[in-house]
Amino acid sequence: MNQADFRCFECKKRLALSHHGFCSRCVRLLEKKPYCGHCGMPLLEFSMQCGECLKHEPKWQRLVRIAMYQKPLSDWIHRFKFQQQYWLDKPLARLLLLSLKEAKRTHGLQLPEVIMPVPLYWQRHWWRGYNQATLLARPLATWLNLPLEETAISRIRATQPQRELTAKARRHNLQHAFHYAPKKHYERVALVDDVVTTGSTINAIARVLQKQGVKEIQVWTLARA
């Protein structure tokens, strides 16, 4: 295929760089504003703590995201996650990579020892055909030259979809849902997921990892809802 045949997945205009997936004009539509480097909520300026953290402190230590869960990013994620458009994995992962590089400057981010995708229960994985978090984590591991452990974290109990539940019900829904069995001991881990909403899933995983000696848990996500 000729280079000129590659087009933006959003506006369909021709791309100068085919592997980017989205053109620079569409990427500029993303509202990239300062946010808390701990919980990921928007702020007037970059900080590592905010009022939301003080009220509901996350179990993880750092969060990096592209933007809040708003259009057009929310549409791209929905297509990637629910409409079988798995080819959006690298374009979305590339946007997250740029946010990681920015977080080094704005939040003093240090890269972890390993990358781990947030798992799906095996039935949901089978039904969907892929784990969107794993598809995002693979290119990030390659680009950053970091090890990737795809099966270190497993979801051992079927749970209701989190989007259907209240915050309190989400926490109860995830009790005893995860198992952690890495190939080696890690102290600094990055969890990759597509969207962080209440943080219940990541908090549940973080508790399991911390019991096995993980000291810093970073959350790398496309969007914060």
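What you are looking at is a predicted structure, and each value in this text was computed from that prediction instead of being measured. (Residues numbered from 1 in each chain as written. Predicted model: local features only at pLDDT ≥ 70, side-chain atom pairs only at ≥ 80, totals over all residues. Heavy atoms only, no water.)

J.: Report on the pairing of strand β6 (residues 216–224), specifying residues and quantitative values.
T.: Within β6, nine of the nine residues are buried, leaving the element largely enclosed by the surrounding structure. Sheet analysis places strand β1 (residues 62–68) next to β6, joined by six bridges and oriented parallel. Within β6, the position partnered with Leu-63 by the bridge is Val-219. Bridging between strand β5 (residues 188–196) and β6 involves eight bridges; their strand directions are parallel. In the sheet register, Val-195 faces β6, and the bridge partner there is Ala-223. (Buried < 20%, exposed > 50% of the residue type's maximum accessible area, 1.4 Å probe, protein only. Helix = DSSP H or I, 4+ residues; strand = E, 2+ residues; numbered from the N terminus. Pairing = 2+ DSSP bridges.)

J.: Hey, could you go over the packing of helix α4 (residues 89–106) against helix α6 (residues 132–144) for me, with residue numbers and the actual values?
T.: At a closest axis distance of 9 Å, the pairing of α4 and α6 adopts a crossing angle of 50 degrees. The angle between α4 and α6 falls in the class oblique. In terms of crossing hand, the pair formed by α4 and α6 is right-handed. Contacts between α4 and α6 pair Asp-89, Lys-90, Leu-92, Ala-93, Arg-94, Leu-96, Leu-97 and Leu-100 from the former with Leu-135, Leu-136, Pro-139, Leu-140, Trp-143 and Leu-144 from the latter. (Axes fitted to C-alpha atoms, helices over the stretch in contact; angles between N-to-C directions. Parallel < 35°, antiparallel > 145°, perpendicular 65-115°, else oblique. Left-handed = near helix turned anticlockwise from the far one by under 90°. Contact = heavy atoms within 4.5 Å.)

J.: Which residues make up the nonpolar core, and what values go with them?
T.: Formed by 39 residues in total, the largest nonpolar core has its most connected members in Leu-73, Leu-92 and Trp-220. Looking at this core, the elements that each hand over two or more residues are α1 (24–27), β1, α3 (73–82), α4, α6, β5 and β6. Sorting elements by how many residues they give to this core places α4 first, with seven residues. If we ignore the near neighbours within four places in the chain, the residues touching Leu-73 are Leu-30, Ile-66, Ala-67, Met-68, Leu-92, Leu-222 and Ala-223. Grouped together as the second largest cluster of nonpolar side chains are 23 residues, Phe-178, Tyr-180, Val-196 and Leu-209 included. (Core = buried A, V, L, I, M, F, W, Y, C linked by side-chain atoms within 4.5 Å.)

J.: So what's going on with the pattern of salt bridges? Which residues, and what values?
T.: Should their charged atoms come close, side chains of opposite charge can pair. Summed over the entire model, instances satisfying the criterion amount to nine salt bridges. As a salt-bridge pair, Arg-188 and Glu-216 come within 3.3 Å of each other at their nearest N and O atoms. Residue Arg-188 is found in strand β5, and its partner Glu-216 is found in strand β6; the two are separated by 28 residues along the sequence. The class of Arg-188 is partly exposed, set by a relative accessible area of 26%. (Salt bridge = Lys/Arg side-chain N within 4 Å of Asp/Glu carboxyl O.)

No statement about biological role is implied by the geometric values presented.
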